[in-house]
Amino acid sequence: MYQSIILGSILLVSLYILKRVRVRNPKLNMPPVPRYKIPIIGHTYSYFFNSEEFFKQCKKEHGDIFSVYVWGQVRTIIGKGYIHEILARDEAFSFGRAFLKRVPYDVLLKNMGIIDPAILLKDYIFCKLSFYSERMQKSLYSATQKHFNIGDQPKVFDNLYHIMTEVISSPIANIFIGEEESKYDEIITAFADFTSGISIFLMVPPFLDFIYPGLHNYAIRVIVKSGLFNPAAKNRDALIKHIKKQVCKRLQEKEKYGNSWKRPDDFLQDILERDGFDANNINYASLSDKIFVFLFASIHTTAGGCANVMMDLASRPQYIQELYEEQLEVHKEADENGILPFEALNNMKKLDSCIRESLRLAGHIVTLEHLTLKDYTFSNGLQVPKDRIINIYTDDVYEDESLQGPNPKSFEPFRHVDANVPASKLGKNYLPFGGGKHACPGRHFAINEIKFFMHNFILNFNFRTKSGKIEERMRVGPLAFPSSNGIIIEKRVK
Ligand code: HEM
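Residue positions within a chain follow its written sequence, with the count starting from 1. Side-chain atom pairs in this predicted model are given and counted only at pLDDT of 80 or more, local residue features only at pLDDT of at least 70, and totals for whole chains, interfaces and linings cover all residues. Values reported for side chains reflect all heavy atoms of the structure, with hydrogen atoms and water molecules removed beforehand.

With an unreviewed UniProt entry as reference, the protein chain is termed Cytochrome P450, source organism Rhizophagus clarus. UniProt positions are given in the numbering used here, feature names are shortened, and annotations may be inferred rather than shown by experiment. The record in UniProt for the protein chain states the following under Cofactor (unreviewed entry): "heme". What the UniProt record of the protein chain gives under Subcellular location (unreviewed entry) is the line "Membrane".

Right under this line is the structure:
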């Protein structure tokens, strides 16, 4: 027993020393590392429990680029002066590779094959935003009716993020696997459950990396492979069942109607045709994983964005009336079924500004994790090695008056109305969608969804926080998530 403890301790200390040697790579002009008191723990405590103050202090002492020692590894933090280098140099910094270190998609979606999600989405979905607008509105409207089904009495809703993953899963299912299958609760639950499952990978801090860098990733891969926690395996059967049903139906109809068959418009049909559809050899596991890969990117982010906008307004109900008046005016453009023309989105100026403000103040202190693909020298001469985790110090951007205007951290929903900067417009003072070549290609799609959802929500309901106070974001270390506290919703008397 004692022997194992002694051996274990020697191993830990050796690993620690080895890691420190790597931190001080003598060949590179590395960013400064602030002093820390406890070996192995390093800056982890301040990073996790006092991140806002900790990073302010680090920046004050060390400038725009510095490294911190957390979860047993060194990561480099990039302040506002150098963020553009990370976003512009995709040969050196990768958001996707850093994401894979946290979420093992290669194991979760092992049947996916090689695809470029951004290109597929651009080719098949984002070029048809106006075409999909009516379906997006209808499915958002019916999902809202279902999930915010209240009578004449006010009702409390807790955990908006959870509810919104179900609401947003509805238009996503409609556009990705078709109108018919999106009507099944089983599919909506599978989409939402997969999304919430993946978000857990991002929320769990990599404790095991204290023992050895990379051990956390190794452990989660084992857990996923063993099936102990695998949101894709859990929901794959449901997705395959519905895809199969659709594919069989489409094959039969195509056979029956020949050239007069009206091909359904959705992503499923697009990728079937793109992959040289062989009716006798359909790989359903591969098809389902190709759909899964888009779900987290499109549902988690948009549901979180919606939940934040709702909570920000519920916290400040004094702004809702002005937004209501704007939506009433916009709604005059709706047809007899309540469907707005695509162009009506441009007239929701105040709502758009409010959404931009909510995304701007999402609350992360550092975020947009990237991984270095090679040794890199910043324009100030500091260097980082290959395989280094890089975090962008977003709070540095959002608390800067010269970039944001007066009271930069206060939520002012109409701050952007006159500035002609819609919520989807990227800028060096606005980073929710990243930037550069890999800036989120789904941002217009996402903002449209949030606007259509909020349009109906504001027209139909009054809402306020249950606590009667401003609800802040839920903080997990330097990251922020929508508050899970309740809001009270009641039907608007028209
Ligand atoms: C409010 C909602 C959303 C937010 C905040 C968001 C945020 C982001 C961010 C920060 C990135 C990384 C950008 C970078 O590397 O610089 C990204 C990438 C991406 N997003 Fe979004 N996103 C949202 C909605 C969506 C939606 C609805 C879709 C798809 C329908 C989508 C698809 C993607 C894809 C495919 C990428 C990878 C782009 C690439 O690597 O080239 N996103 N998103």
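Undergrad: Before we go on, may I ask you to explain the coordination of the iron atom of the ligand in this structure?
TA: Each angle at a metal carrying four tetrahedral donors should ideally be 109.5 degrees, and each at a metal carrying six octahedral donors should ideally be 90 or 180 degrees. What the protein offers the iron atom of the ligand as a donor is a single atom, Cys440 (SG), at 2.3 Å. Only DSSP runs of H or I reaching four residues or more are called helices, and only runs of E reaching two or more are called strands; each is numbered from the N terminus. Inspection of the secondary structure puts Cys440 in the loop between helix 18 (401-404) and helix 19 (443-460). Each metal's donors comprise the N, O and S atoms found within 2.8 Å of it (within 3.2 Å for Na, K or Ca). Water is not part of the atom list, so some coordination spheres may appear incomplete.

Undergrad: Teacher, can you tell me more about the pattern of salt bridges here?
TA: Pairing between side chains becomes possible if they bear opposite charge and their charged atoms approach one another. Think of a salt bridge as a Lys or Arg side-chain nitrogen and an Asp or Glu carboxyl oxygen that are within 4 Å of each other. Considering all chains together, one arrives at 39 salt bridges under this definition. Of the charged contacts, one joins Lys56 and Glu399 as a salt bridge, the two residues approaching to 3.6 Å between their closest N and O atoms. Of the two residues, Lys56 sits in helix 3 (residues 51-62) while Glu399 sits in the loop between helix 17 (394-398) and helix 18, which places them 343 residues apart along the sequence. When the shortest N-O distance is used, the salt bridge between Arg473 and Asp312 registers 2.9 Å. In this pair, Arg473 sits in the loop between strand 9 (461-465) and strand 10 (474-476) while Asp312 sits in helix 14 (residues 284-315), placing the two residues 161 residues apart along the sequence. Through salt bridges with shared partners, one network takes in Glu52, Glu53, Lys56, Asp395, Glu399 and Lys409.

Undergrad: Teacher, can you tell me more about the site of the ligand here?
TA: The immediate surroundings of the ligand are formed by 20 residues, with Thr301, Pro432, Gly435, His438 and Cys440 found nearest. For the purposes of these results, a polar contact is taken to be a pair of N or O atoms within 3.5 Å, where, inside protein, one atom must be able to donate a hydrogen and its partner to accept one; residues adjacent in sequence count only when each atom of the pair is a side-chain atom. Gly435 has a polar backbone atom sitting 3.2 Å from an oxygen atom of the ligand. His438 is positioned with one of its side-chain polar atoms (N or O) 2.7 Å from an oxygen atom of the ligand. At the level of elements, helix 7 (117-124), helix 14 and helix 19 are the ones that each hand at least two residues to the shell around the ligand. With four residues, the single largest contributor to the shell around the ligand is helix 14. Per-class residue counts for the shell around the ligand are 13 nonpolar, seven polar and no charged. The nearness test applies per residue and asks whether one of its heavy atoms lies within 4 Å of the molecule or strand. Residue polarity is assigned by list, with Asp, Glu, Lys and Arg as charged and Ala, Val, Leu, Ile, Met, Phe, Trp, Tyr, Cys and Pro as nonpolar; anything else, Gly included, falls into the polar class.

Undergrad: Is there a simple way to explain the nonpolar core in this structure?
TA: Across soluble globular proteins, you tend to see nonpolar side chains buried next to one another. Side-chain atoms within 4.5 Å link the members of a nonpolar core, which is a set of buried Ala, Val, Leu, Ile, Met, Phe, Trp, Tyr and Cys residues. Residue burial is assigned from relative accessible area. The probe radius is 1.4 Å, only protein chains are included, and a residue is buried under 20% of its type maximum, exposed over 50%, and partly exposed in between. Judged by nonpolar contacts, the single largest core of 98 residues is most densely connected at Tyr105, Phe148, Met164, Phe191, Phe453, Met454 and Phe463. Top contributing element to this core by residue count: helix 14, with 17 residues. Excluding anything up to four places from it in sequence, Tyr105 contacts Phe99, Leu100, Lys110, Phe194, Ile198, Val293 and Phe296. Throughout, a residue-residue contact means that at least one pair of heavy atoms, one from each residue, lies within 4.5 Å.

Undergrad: Even after reading the chapter, I still don't get the packing of helix 10 (residues 185-203) against helix 12 (residues 231-257), so can you show me in this structure?
TA: Between two packed helices, the angle of one axis relative to the other and the distance separating the axes together describe the packing. Lines fitted to C-alpha atoms define the axes here, with helix axes fitted over just the stretch in contact, and angles between the N-to-C directions of these axes take values from 0 to 180 degrees. Two elements in contact, helix 10 and helix 12, have axes separated by 9 Å at closest approach and are oriented at 160 degrees. It follows from the interaxial angle that helix 10 and helix 12 lie roughly antiparallel. Handedness of the helix 10/helix 12 crossing: left-handed. Seen from helix 10, the contacting residues are Glu186, Ile187, Ala190, Phe191, Asp193, Phe194, Gly197, Ile198 and Phe201; seen from helix 12, they are Pro231, Ala232, Lys234, Asn235, Ala238, Leu239, Lys241 and His242. When its residues are assigned to classes, the contact of helix 10 with helix 12 shows ten nonpolar, three polar and four charged. Should an angle fall under 35 degrees it is called roughly parallel, over 145 degrees roughly antiparallel, and 65 to 115 degrees roughly perpendicular, with every other angle called oblique. Left-handed is the label given to a crossing in which the near helix is rotated counterclockwise from the far helix by less than a right angle, and right-handed is the label when the rotation is clockwise.

Undergrad: Just checking my understanding: could you explain the sheet that holds strand 3 (residues 93-94) for this structure?
TA: Adjacent strands of a sheet pair through backbone hydrogen bonds, lying either parallel or antiparallel. Between any two strands, pairing holds if DSSP finds at least two bridges. The strand order 1-2-8-5-3 describes an open sheet built from five strands, whose pairing is mixed. Two strands close off the open sheet at either side, each with one partner strand: strand 1 (65-70) and strand 3. Both strand 2 (residues 73-78) and strand 8 (residues 389-392) contribute to a ladder of four bridges, which runs parallel. In the sheet register, Ile78 faces strand 8, and the bridge partner there is Ile392. Running over the sheet, helix 3 touches strand 1 and strand 2 and is turned about 135 degrees from strand 1. Contacting strand 3 and strand 5 (367-372), helix 5 (residues 95-102) runs over the sheet at an angle of about 100 degrees to strand 5.

Undergrad: Teacher, can you tell me more about the sheet that holds strand 4 (residues 155-157) here?
TA: Strand order across the open sheet formed by three strands is 4-12-9, with antiparallel pairing between neighbours. Only two strands of the sheet have a single neighbouring strand rather than two, namely strand 4 and strand 9. Within the sheet, the average angular offset between the axes of one strand and its neighbour, ignoring direction, is 30 degrees. Here strand 4 runs beside strand 12 (residues 487-491); their pairing, made up of three bridges, is antiparallel. Within strand 12, the position partnered with Lys155 by the bridge is Ile489. Each of strand 9 and strand 12 is contacted by helix 14, which is oriented at about 80 degrees to strand 9, the strand it contacts most.

Undergrad: Quick question: what am I supposed to make of the pairing of strand 9 here?
TA: On a regular strand, one side chain projects to one face of the sheet and the next to the other, so that they alternate. Burial along strand 9 is one-sided: the residues Phe461, Phe463 and Thr465 are buried and none of Asn462 and Arg464 is. Here strand 9 runs beside strand 12; their pairing, made up of five bridges, is antiparallel. Bridged to Phe461 within strand 12 is Lys491.

Undergrad: Before we go on, may I ask you to explain the packing of helix 9 (residues 160-177) against helix 10 in this structure?
TA: Remark: helix 9 packs on helix 10, axes separated minimally by 8 Å, with the N-to-C direction vectors making an angle of 120 degrees. Our classification of the angle between helix 9 and helix 10 gives oblique. In this structure, the crossing between helix 9 and helix 10 has a hand that is right-handed. In contact with Tyr161, Thr165, Glu166, Ser169, Ser170, Ile172, Ala173 and Ile177 of helix 9, helix 10 contributes Ile187, Ile188, Phe191, Ala192, Thr195, Ser196 and Ser199. In terms of residue class, the contact of helix 9 with helix 10 is made up of eight nonpolar, six polar and one charged.

Undergrad: Teacher, can you tell me more about helix 16 (residues 349-360) here?
TA: One turn of an α-helix holds 3.6 residues; hence residues three or four places apart share an orientation. With twelve residues, helix 16 ought to run about 16 Å at 1.5 Å a step, and its terminal C-alpha atoms sit 16 Å apart, in line with that. Counting buried positions along helix 16 yields ten of twelve residues, so the element is predominantly enclosed. Within the span of helix 16, buried status applies to Leu351, Asp352, Ser353, Cys354, Ile355, Arg356, Glu357, Ser358, Leu359 and Arg360. Close packing links the buried residues of helix 16 with helix 14, helix 15 (320-331), helix 17, helix 18 and helix 19. Helix span, expected: 1.5 Å multiplied by one less than the number of residues in the helix.

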